[in-house]
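Chain by chain, the residues run as shown.
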Amino acid sequence: MTGDPYAPGQEPEIQIDTSVAHPARVWDYWLGGKDHYPADQEVGDQLEETIPEVVLWARADREFLGRLVRHVIGDGVRQFLDIGTGIPTNDNTHQVAQRLAPESRVVYVDNDPIVLAHARALLTSSPEGATDYIDANLHDPDTILTEAERTLDFSKPVLITLMGILEFSVTDEAYTVVDRLLEPFPAGSHLAIACPSNESNTEAMDEVARKWNDSGATPIVMRSAAGLTRFFDKLEMLEPGLVPLPKWRPDPGTLYADRDMDFYCAVGRKP
């Protein structure tokens, strides 16, 4: 089974506002992609002036995703709910998972017009597995779960990934949403998050948030280590806990593994 966000011949006219920076496009700019506009480049450069390492976040995040998927595949997980997918690039979740376990089933979720425009790239699948794409908002977990049930078996464990998206949920509603997303899935399911944090570089990271919010883009919030760890209150956090992206179980070839980074990640398992 492979889903499709729109029927053949009925593709919607996708309206993209190029005058304001967009998270997925700024990320694409930092990755060296082509799906960005001057507004995205301007904000990306402004943030780099404050913290030069921001251009490394996107690559470190992509490497973390690969290590993460390989780990849970080894733990027997064959289902993935990737929320805040972003613009497709190399080694998307289904590619990493199905390379190791062709029967893996992957559901992507995003509500950004630029991602919807590229959604077909996420819908390739091995014959044994399945992929689907849901155009939905993180703030509506019930819709996400209802739509995801077309592809995922809720009686089996799942990995829910929230990469670079929770900072856009600026209130404590974010914790309720995460709990709701995990609720229907059984023990052995995993949650993984990746977020910028103002834990160790508070002044500079708060300046990054201010510049981003002043640009008119979707507002963000910086959470401390305690604020990020709170997402795992009902889970068993895996070692090494909440750490900078490159320091979560690095491989021999992991980039930047010898340095700290103000973008943190953590993985938890549902008991």
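Naming follows an unreviewed UniProt entry, where the chain appears as SAM-dependent methyltransferase of Actinomadura chibensis.

Caption draft 1: Summary view of the overall build of the chain. Secondary structure summary: the chain contains nine helices and eight strands in total. Whereas a compact globule of 271 residues would reach a radius of gyration of roughly 18 Å, the chain reaches 18 Å, a difference of no more than 12%. When the backbone C-alpha atoms are referred to their principal axes, the chain occupies close to 45 × 45 × 35 Å. Looking at the chain as a whole, 52% of its 271 residues are labelled buried. Considering only residue pairs separated by 6 or more positions, the chain has 75% of its internal contacts joining residues 24 or more positions apart. Surface accessibility of the chain: about 11700 Å² in total, with carbon and sulfur atoms responsible for 47%. Side chains of the chain carry 23 positive and 45 negative charges; the gap between the two charge centres is 6 Å.

Caption draft 2: Looking closely at the environment of Gln15. Residue position: Gln15 is located in the segment before helix H1 (23–30). You can call Gln15 exposed: its relative accessible area is 56%. Here the alpha-carbon distance between Gln15 and Ala117, two residues 102 residues apart in the chain, equals 9.6 Å.

Caption draft 3: Region of the structure containing the packing of aromatic side chains. Scanning the model with the defined rule gives eight aromatic pairs in all. Taking the centre distance of 6.3 Å and the plane angle of 65° together, the rings of Phe168 and Trp212 count as edge-to-face. In this pair, Phe168 is assigned in the loop between strand E4 (159–163) and helix H7 (173–182) and Trp212 in helix H8 (residues 202–214), connecting sequence segments 44 residues apart. The exposure classification of Phe168 matches that of Trp212, with both residues buried. Counting every residue linked through ring pairs, the aromatic cluster contains Trp27, Trp30, Trp57 and Phe263. Its guanidinium or amino end placed over the ring of Tyr175, Arg230 lies 3.8 Å from that ring's centre, counting from NZ or CZ.

Caption draft 4: Summary view of the pattern of salt bridges. Scanning the entire structure with this criterion turns up 14 salt bridges. Across the salt bridge formed by Asp91 and Arg99, the nearest N and O atoms sit 2.7 Å from each other. Look at Asp91 and you get partly exposed, because its relative accessible area is 37%. Judged by its relative accessible area of 55%, Arg99 is exposed.

Caption draft 5: Highlighting the side chain of Ser126. As for its placement among the helices and strands, Ser126 is situated in the loop between helix H5 (113–117) and strand E3 (130–135). Looking at Ser126, its side chain comes within polar contact range of the main-chain oxygen of Pro102, at 2.4 Å.

Caption draft 6: Highlighting the packing of H1 against helix H2 (residues 38–50). Two elements in contact, H1 and H2, have axes whose closest approach is 9 Å; the angle formed by their N-to-C orientations is 65°. As far as their axial angle goes, H2 and H1 are roughly perpendicular. As for the relative orientation of H1 and H2, their crossing is right-handed in sense. Taken together, the residues of H2 that come into contact with H1 (itself represented by Arg25, Val26, Tyr29 and Trp30) are Asp40, Gln41, Gly44, Asp45 and Leu47. Residue composition of the contact of H1 with H2, grouped by class: four nonpolar, two polar and three charged.

Rules used throughout
- Residues numbered from 1 in each chain as written.
- Predicted model: local features only at pLDDT ≥ 70, side-chain atom pairs only at ≥ 80, totals over all residues.
- Heavy atoms only, no water.
- Helix = DSSP H or I, 4+ residues; strand = E, 2+ residues; numbered from the N terminus.
- Rg over C-alpha atoms; globule rule 2.2 N^0.38 Å.
- Buried < 20%, exposed > 50% of the residue type's maximum accessible area, 1.4 Å probe, protein only.
- Contact = heavy atoms within 4.5 Å.
- Areas by Shrake-Rupley, 256 points an atom, 1.4 Å probe, with all protein chains shown as cover.
- Lys, Arg positive; Asp, Glu negative; His and termini not counted.
- Charge placed at Lys NZ, Arg CZ, Asp CG, Glu CD.
- Phe/Tyr/Trp six-rings, centres within 6.5 Å; stacked < 30°, edge-to-face > 60°.
- Lys NZ or Arg CZ within 6 Å of the ring centre and 35° of its normal.
- Salt bridge = Lys/Arg side-chain N within 4 Å of Asp/Glu carboxyl O.
- Polar contact = N/O pair within 3.5 Å; in protein donor to acceptor, adjacent residues only side chain to side chain.
- Axes fitted to C-alpha atoms, helices over the stretch in contact; angles between N-to-C directions.
- Parallel < 35°, antiparallel > 145°, perpendicular 65-115°, else oblique.
- Left-handed = near helix turned anticlockwise from the far one by under 90°.
- Nonpolar A, V, L, I, M, F, W, Y, C, P; charged D, E, K, R; others polar.

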